[in-house]
Amino acid sequence: MSGPVAIWAALQGAVLEDFKPASAYGAPALIGALAVCALYYAGRRRARGRRLSVRGFVRSIFPTRILLHPSSLIDMRLWAVNGVALASAYGMLGLGLFFWRDEVVAGLTHGWGMHPPARWPAWTILTLATVLQLLASEFAYWFAHYCFHKIPALWEFHKVHHSAEVMTTLTELRQHPVEIIAFMNLIGLSTGIVFGVMTYAFGPGVRPFTLLNGNILLMAFLVTYGHLRHSHMWIAFTGFAGRILQSPAHHQLHHSANPIHYDRNLGFALAVWDWAFGTLAIPARAREPIVFGVGDEAPPFRSAVAAFGVPCVRFAGHVGRFAAGWRRRSTAHEVASGAQAPFVIARELRQSKES
Ligand SMILES: [Zn+2]
Ligand SMILES: [Zn+2]
């Protein structure tokens, strides 16, 4: 196979991969999102004493003013590039869970020696693996997300996602490749550590409870309201539930252009790490007026090339300014600490001789 045939085969594989049942864009996740939307639509219409109609439902979940918005058209292009064209390449750039699991097992065996596996009932190991994998994956997501918000050079990449002015289910993949690769690797590392330690303690074969081949808790999120994070449907978890789980409204607040919402709700499915580290903003039960985007900070991207290229240029600018500042500081430090004193003394001696 060569030339266009090979490219077509690779694309076909990537498309099929993108829509497999366990994928975010597979049938279970999309049907689940549709079902939650239907319940949301019916609940709102009933509360207002209005009748239900299929036409009204379709209009409410696919409003043309959102679908045809220039921001949404960029989402579609980035989704195609990230989810289809580059999906296989991302897979090759990640040191995944299994790599790190084996490294951790090798390291622990080297340091502490072999030992017989602990004999716990199977269901307790399965439960522990299910919960710890979710917590580890969520922590890595929270930490990576925090860094991409707080470090100005990294924010340039994450700004692509936040520059969305309207939200659709495709906004999830409105991301810069640098960000995707960083998140993927940190999640692989954190979950690999969990499975490495558990494999060392309980022996090979440690796995979580699964649904569609994924962690059952993460998949439960994905096949219900996971997609509605990027939507205009205000479904808010408040009170204790709002401290444990990220509702769609949590993430809509995260996309708000209002500075009071900046750097809040950085988790993916769980709110626990936001709660623990003080970055949680629990949404109000009733819809809060929110404008999505980055406000006046940057003009919106209107092409996929700009969305991929501009952050790289700005990142290089940050690195250049940082390097120049560091050089200035280190020179000032050398002068202040007398590191250049021998040269100064030599010059003064020479001047005194000449006079
Ligand atoms: Zn963010
Ligand atoms: Zn988002």
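Everything discussed here concerns the structure shown above.
Bear in mind that the values here come from a model prediction, so they are computed numbers and not experimental data.

J.: Just checking my understanding: could you explain the coordination of the zinc ion (ligand 1) for this structure?
T.: When a metal carries six donors in an octahedron, the ideal angles between them are 90 or 180 degrees, while four donors in a tetrahedron ideally lie at 109.5 degrees. The protein atoms that coordinate the zinc ion (ligand 1) are His 145 (NE2), His 149 (NE2), His 158 (NE2), His 162 (NE2) and His 254 (NE2), at distances of 2.0 to 2.2 Å. Each donor residue of the zinc ion (ligand 1) lies on the same chain, and together they follow the pattern H-x3-H-x8-H-x3-H-x91-H. With His 149 in helix α8 (residues 122–150) and His 254 in helix α13 (residues 248–254), this pair connects stretches of sequence that are 105 residues apart. Among the residues examined, His 254 registers a relative accessible area of 2% and is labelled buried.

J.: Help me understand the environment of Tyr 262, please; the structure alone is not making it clear to me.
T.: One can find Tyr 262 in the loop between α13 and α14 (272–277). Separated by 113 residues in sequence, Tyr 262 and His 149 place their C-alpha atoms 8.8 Å apart. Once residues within four sequence positions are removed from consideration, Tyr 262 is found in contact with Ser 256 and Ala 257. From its side chain, Tyr 262 meets the backbone oxygen of Ala 257 in a polar contact 3.3 Å long.

J.: I tried to follow the environment of Gly 205 on my own but got confused; where do I start?
T.: Checked against the element boundaries, Gly 205 lands in the loop between α10 (177–202) and β1 (210–211). Separated by 10 residues in sequence, Gly 205 and Phe 195 have C-alpha atoms that sit 9.6 Å apart.

J.: How should I be thinking about the coordination of the zinc ion (ligand 2) in this particular structure?
T.: For the zinc ion (ligand 2), the protein coordination sphere consists of His 161 (NE2), His 230 (NE2), His 251 (NE2) and His 255 (NE2), at 2.0 to 2.1 Å. Considering all four donor atoms around the zinc ion (ligand 2), the spread of angles at the metal, 94 to 154°, places the coordination shape in the irregular class. Along the chain, the residues donating to the zinc ion (ligand 2) fall in the pattern H-x68-H-x20-H-x3-H. Residue His 230 is found in the loop between α11 (216–222) and α12 (241–244), and its partner His 251 is found in helix α13; the two are separated by 21 residues along the sequence. Neither His 230 nor His 251 differs from the other in exposure class; each is buried.

J.: Can you walk me through the nonpolar core in this structure?
T.: In globular proteins that are soluble, nonpolar side chains generally tend to be buried together. In this structure, Cys 37, Tyr 225, Leu 228, Trp 234 and Ile 235 are the most contacted members of the largest nonpolar core, which totals 27 residues. Elements with a minimum of two residues in this core: α2 (27–47), α3 (54–61), α8, α9 (152–162) and α13. No other element matches the five residues that α2 contributes to this core. Dropping the residues within four chain positions of it, Ile 235 is found in contact with Val 36, Tyr 40, Leu 228, Ser 247, Pro 248 and Ala 249. By size, the runner-up hydrophobic cluster in this structure holds nine residues, among which are Ala 129, Ala 136, Val 194 and Phe 195.

J.: What exactly am I supposed to notice about the environment of Gly 239 here?
T.: Mapped onto the fold, Gly 239 is located in the loop between α11 and α12. Measuring from C-alpha to C-alpha, the distance between Gly 239 and Arg 285 comes to 9.7 Å, with 46 residues separating the pair along the chain.

J.: What am I meant to see in the packing of α2 against α3 here?
T.: If you want to describe how two helices pack, look at the angle between their axes and the distance between the axes. The geometry of α2 relative to α3 is characterised by a closest axis approach of 10 Å and an angle of 115° between their N-to-C directions. The angle between α2 and α3 places the two elements in the roughly perpendicular class. You can see that α2 and α3 cross each other, and the crossing is right-handed. When α2 is examined against α3, the residues Leu 34, Cys 37, Ala 38 and Tyr 41 are found in contact with a partner set consisting of Gly 56, Phe 57, Ser 60 and Ile 61. Class assignment of the residues belonging to the contact of α2 with α3 gives a composition of six nonpolar, two polar and no charged.

The rules we used
- Residues numbered from 1 in each chain as written.
- Chains lettered and ligands numbered in written order.
- Predicted model: local features only at pLDDT ≥ 70, side-chain atom pairs only at ≥ 80, totals over all residues.
- Heavy atoms only, no water.
- Donors = N, O, S within 2.8 Å, 3.2 Å for Na, K, Ca; no water.
- Helix = DSSP H or I, 4+ residues; strand = E, 2+ residues; numbered from the N terminus.
- Buried < 20%, exposed > 50% of the residue type's maximum accessible area, 1.4 Å probe, protein only.
- Contact = heavy atoms within 4.5 Å.
- Polar contact = N/O pair within 3.5 Å; in protein donor to acceptor, adjacent residues only side chain to side chain.
- Tetrahedral: all angles 85-135°; square planar, octahedral: opposite > 155°, others 65-115°.
- Core = buried A, V, L, I, M, F, W, Y, C linked by side-chain atoms within 4.5 Å.
- Axes fitted to C-alpha atoms, helices over the stretch in contact; angles between N-to-C directions.
- Parallel < 35°, antiparallel > 145°, perpendicular 65-115°, else oblique.
- Left-handed = near helix turned anticlockwise from the far one by under 90°.
- Nonpolar A, V, L, I, M, F, W, Y, C, P; charged D, E, K, R; others polar.

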